[in-house]
Amino acid sequence: METGSGKTPLLTLKGVGDKVSKKFANLGAGSVEDLPFIIPRAYQDRSHPQPIPTLVPGATYTVRGQVMSLYEKRYQRRGTLEIMVSDGKGVLLLKWFRYNRWLKKNLEDNFPAGSEVIATGRVDTFAGQLQMYHPEMANPGDGEGQGIVPIYPLTEGLTQRAVKRAVEQSLDMVVDHFQEFIPRNVLDELSLPDLVTSIRSLHNPPAGTDVEALNRGDSPWHRRLKFGELLLFQLGLLQHRRSVRQVPGFSVESEGELENKLRDSLPFTLTGGQDQVLKEIRDDLSRGVPMQRLLQGDVGSGKTLVAFICMLHAVESGRQAALMVPTEVLAEQHFSNMSQWAEELGIASVLLTGSMGSKEKKKALDIITSGRPVAVVGTHALIQEGVDFPSLALVVVDEQHRFGVVQRLALRKKGESPHFLVMTATPIPRSLTMVLYGDLDVSTLDEMPPGRKPVQTIIFNESDRARLHLAIAREVKDSNRVFIVYPLVEETEKSELSAASEMADRYRKEIFPNLKIGLLTGRMPANEKERVMNDFRNGRYQVLVATTVIEVGVDVPDATLMVVEHADRFGLFQLHQLRGRVGRGTRPSRCILVATESVTPEAKERLAVMTRLTSGFEIAQEDLKMRGPGDFFGVRQAGFPDFRYAHPIRDRSLFASARDTGERLLDKGGNEAQNLLKSVEEFWSGKLELPSSG
Ligand code: ADP
Ligand code: MG
């Protein structure tokens, strides 16, 4: 990514033939110039292995010892792989919760009983025993002798030695030609080393380097690589933001007649939070500059209504408004609410989704392309080629974290610089949103509709089935509704489907023959999904067995019990979203998280957090503290491009300084900025429409 244009084939390296070169492609390296960017994922300080009895839970160590035994432990569905190691002073259990056949074979081949091993990883206690999870493993003979030894990411068929050898050759051949794109004074100011020094040092850390900092990914060299991509990221957003602000927009002129009518017809009044946020948005809409606003509000805070009201203003002004949502279920739901309101108010509304029949679709498209004032709800179908909105005034993106930055920006390009509102429940602390969503202003909906009671959360294990069934039966007696959700079970959608549908069958036939039980999966045809959701909403079904299609946005106020099966497989934020499906009316609601006893300590902690906390914001704080492997913030889900080195949460201070630096460089302009913009374009690879830098 940071290389010049001439690429040298991998085949020119010694020891790299056809087969091996293909393996490197799996690591993201298609040429010699790419190899230096495969940075080690861990470092072992072989000169100082830690005696096992001195290890303290919670820290990362390197130990050296002899393999006593290697075995697999099987639980119902999955197992753990374990290696018992002794260093003559103590015994340590190395443990893998996630592994595939290849890793298992690799460990069995390289670490038979009696062999020497050097393992690096985080140590914890479990059931009173000291354990190291998913350690980096090496034979003492691997790599280049002693000192600090880099451990590279591998892929099937590649060894540490092969990667090391190829990388070393690439360093000699190409690294000195790499060009630093960050201006010298910026590097100096932030005390960052330059690109070439950073890459060389990451592959061959000099003696005396702080190994812990290396393993945290927090060495000055790591920081240089992270800062580089963050700067390019922020520059892209900033540039985009500046260019959008230069485009003359138009103000949405409306008296607010439709809003007033709608308010009168609602069975409740808007919360203070909703009023406040609407005021901020109305201000933006009435200015001649396209709005770029993020509306952030916890699950259930009433963002949809805010969006609808804004759309009404656009329609009243004689223009079009579009709401884009991530799933068809959600599109149907929003549309069914909105079309009712629209009808009462006498305005046009249209639904557009990918799975609509071609006749229906054409009807919808005809209305949209006619340019007449209309409120449109749809899925990704809205950003497809050929969907033109001749008088688009406002675009709203719901559950923005489910869309990529790029998709978000694609919709912005429809029509002539429309106003733009994105909504999310991802409770990222305010200080971070400014940094992450660099191109948006932020409004926060910090008040829940009145009468909401916190959802009580309970953990059940497998042996509590009878109690679970009792809880479900009791719930539906009071004409309440129950969700039962199944996660991805074996990594394929197919088995997710079968878990949910098999269970729906069992519930119908064996457990609750007297109840009406619906089934909802992502794969069902759209009209079937719509029917099932409606039947559940109006009470024809009492229980809905579903896959995670209902994770976001679904609103059934009569649902009071959420059962999450295999709750340990969900991230914190997903659990928070799922739990947010209940507790939307005034009745007390509960969430039962079902998990087997043999869950990882991290999963246990996640479940415990859910029982303790209800606010999305607090859950986010907890997330920041735990930073477990689950990555439940869903960095990718949050709509960020893939960063190779930086982590949006962990590296937030770097994000902030990249943003500041970016602003300054753009303000200053001149050659420096021009040169940088070329790299920015490469980084975003044409995904952002930037003003030409020529
Ligand atoms: P989210 O912010 O998660 O998208 P929704 O917009 O789905 O939340 O709203 C959740 C529920 O709260 C809906 O049933 C909605 O009708 C209801 N609601 C919204 N605003 C209010 C209000 N001011 N008073 C009472 N109920 C409200
Ligand atoms: Mg919503």
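This section reports on the structure supplied with the text. (Residues numbered from 1 in each chain as written. Chains lettered and ligands numbered in written order. Predicted model: local features only at pLDDT ≥ 70, side-chain atom pairs only at ≥ 80, totals over all residues. Heavy atoms only, no water.)

## Considerations on the overall build of the protein
Applied cut-off: Helix and strand definitions here come from DSSP, where helices need a minimum of 4 consecutive H or I residues and strands a minimum of 2 consecutive E residues; each element is numbered from the N-terminal end. The buried label goes to any residue with under 20% of its type's maximum accessible area, the exposed label to any with over 50%, and the partly exposed label to all in between, with areas taken from a 1.4 Å probe on protein chains only. Every residue pair with non-hydrogen atoms within 4.5 Å of one another is taken to be in contact. What sets the accessible areas is the Shrake-Rupley method with a 1.4 Å probe; for residues, cover comes only from the shown protein chains.
Helices and strands together make up the secondary structure of the protein, namely 22 helices and 20 strands. Burial status across the protein gives 55% buried among its 694 residues. Relative to all contacts within the protein whose residues are 6 or more apart in sequence, the contacts with residues 24 or more apart total 74%. For the protein, the accessible area works out to roughly 29,800 Å², and carbon and sulfur atoms hold 49% of it.

## Description of the site of ligand 1
So the rule is basically this: Whether a residue is near a molecule or strand depends on its heavy atoms: it is near if one of them lies within 4 Å of it. Any pair of nitrogen or oxygen atoms within 3.5 Å is treated as a polar contact; in protein, a donor-acceptor pairing is required on top of that, and neighbouring residues in sequence qualify only through side-chain atoms on both sides. A 1.4 Å probe that fits into a set of points on a 1 Å grid over the protein atoms alone but cannot get out defines a cavity; an open set with protein on both sides within 12 Å along at least five of seven lines defines a pocket, and lining residues are those with an atom within 4 Å of a point. More than half of a molecule's atoms lying within 2 Å of a cavity's or pocket's grid points is what places that molecule inside it.
Gly300, Lys303, Thr304, Arg452 and Asp555 are the nearest of the 17 residues found near ligand 1. Between ligand 1 and Thr304 there is a distance of 2.6 Å, counted from an oxygen atom to a side-chain nitrogen or oxygen. Note that an oxygen atom of ligand 1 is positioned 2.9 Å from one of the side-chain N or O atoms of Arg584. In isolation ligand 1 offers 570 Å² of accessible surface; the protein chains occlude 87% of this area. With respect to the detected pockets, ligand 1 is housed in the second largest pocket.

## A short note on the packing of helix 18 (residues 572–579) against helix 19 (residues 601–612)
What counts here: Think of each axis as a best-fit line through the C-alpha atoms, taken over the contacting stretch in the case of a helix, with angles from 0 to 180 degrees between the N-to-C directions. For any helix crossing, the convention is left-handed if the near helix is rotated counterclockwise from the far helix by under a right angle, and right-handed if that rotation is clockwise. Residues are grouped as follows: Ala, Val, Leu, Ile, Met, Phe, Trp, Tyr, Cys and Pro are nonpolar; Asp, Glu, Lys and Arg are charged; every other residue, Gly included, is polar.
Running from N to C, helix 18 and helix 19 cross one another at 35°; their axes reach a closest spacing of 10 Å. Helix 18 and helix 19 meet at a crossing whose hand is right-handed. Listed contacts from helix 19 to Leu572, Leu575, His576 and Arg579 of helix 18 are Arg606, Leu607, Val609 and Met610. Of the residues assigned to the contact of helix 18 with helix 19, the class counts are five nonpolar, one polar and two charged.

## A closer look at the side chain of Asp651
Topologically, Asp651 is positioned in the loop between helix 20 (616–626) and helix 21 (652–668). Residue classification places Asp651 among the buried positions, given a relative accessible area of 9%. Only 3.0 Å separates the side chain of Asp651 from the side chain of Lys226, close enough to count as a polar contact. Those residues in contact with Asp651 that lie beyond four places of it in its chain are Lys226, Leu230, Tyr645 and Ala646.

## Looking at empty space enclosed by the protein
Put simply, the test is: Grid points are joined across faces, edges and corners, and a volume is the space filled by probe spheres set on the points.
If you walk through the whole model with that rule in mind, you get six cavities of 30 Å³ or more. Here the largest cavity defines a volume of roughly 80 Å³. Within the residue set of the lining of the largest cavity, elements represented by two or more residues are helix 10 (303–316) and helix 11 (328–345). Ranked by the residues each element gives to the lining of the largest cavity, the list is headed by helix 10, at four residues. Taken together, the residues of the lining of the largest cavity sort by class into ten nonpolar, no polar and no charged.

## Details of the environment of Gly580
Locating Gly580 in the fold gives a position in the loop between helix 18 and strand 20 (590–595). Judged by relative accessible area, Gly580 falls into the buried class, the value being 13%. The spacing of Gly580 and Thr614 is 34 residues in sequence and 9.4 Å in space, taken between C-alpha atoms.

## Side note on the sheet that holds strand 11 (residues 375–378)
Rules: What makes two strands pair is DSSP finding at least two bridges between them.
Strand order in the open sheet formed by seven strands is 10-11-9-12-13-8-14, with parallel pairing between adjacent strands. Since the sheet does not close on itself, it has two edges, and those belong to strand 10 (349–352) and strand 14 (441–445), each with one partner. The sheet shows a mean angle of 20° between the axes of neighbouring strands, direction not considered. Two elements, strand 8 (residues 292–297) and strand 13 (residues 419–424), share five bridges in a ladder whose sense is parallel.

## A closer look at the packing of helix 8 (residues 257–265) against helix 10
Running from N to C, helix 8 and helix 10 point in directions that differ by 140°, and their axes come no closer than 8 Å. Across the interface between the two elements, Glu257, Leu258, Glu259 and Leu262 from helix 8 touch Leu305, Ile309, Leu312, His313 and Glu316 from helix 10. Each residue belonging to the contact of helix 8 with helix 10 can be placed in one class, and the counts come to five nonpolar, one polar and three charged.

## Digging into the packing of aromatic side chains
Filter applied, for reference: Working definition: a ring pair exists when centres of Phe, Tyr or Trp rings (six-membered ring for Trp) sit within 6.5 Å. Plane angles under 30 degrees give stacked, over 60 give edge-to-face, the rest tilted. Each ring is checked for a lysine NZ or an arginine CZ that lies within 6 Å of its centre and within 35 degrees of its normal; such an atom marks a charge sitting over the ring.
For the coordinates displayed, the defined rule picks out six aromatic pairs. Lying across the ring of Phe181, Arg224 places its NZ or CZ 5.2 Å from the centre. The ring of Phe250 has Arg319 sitting right over it, with the charged end atom 3.8 Å from the ring centre.

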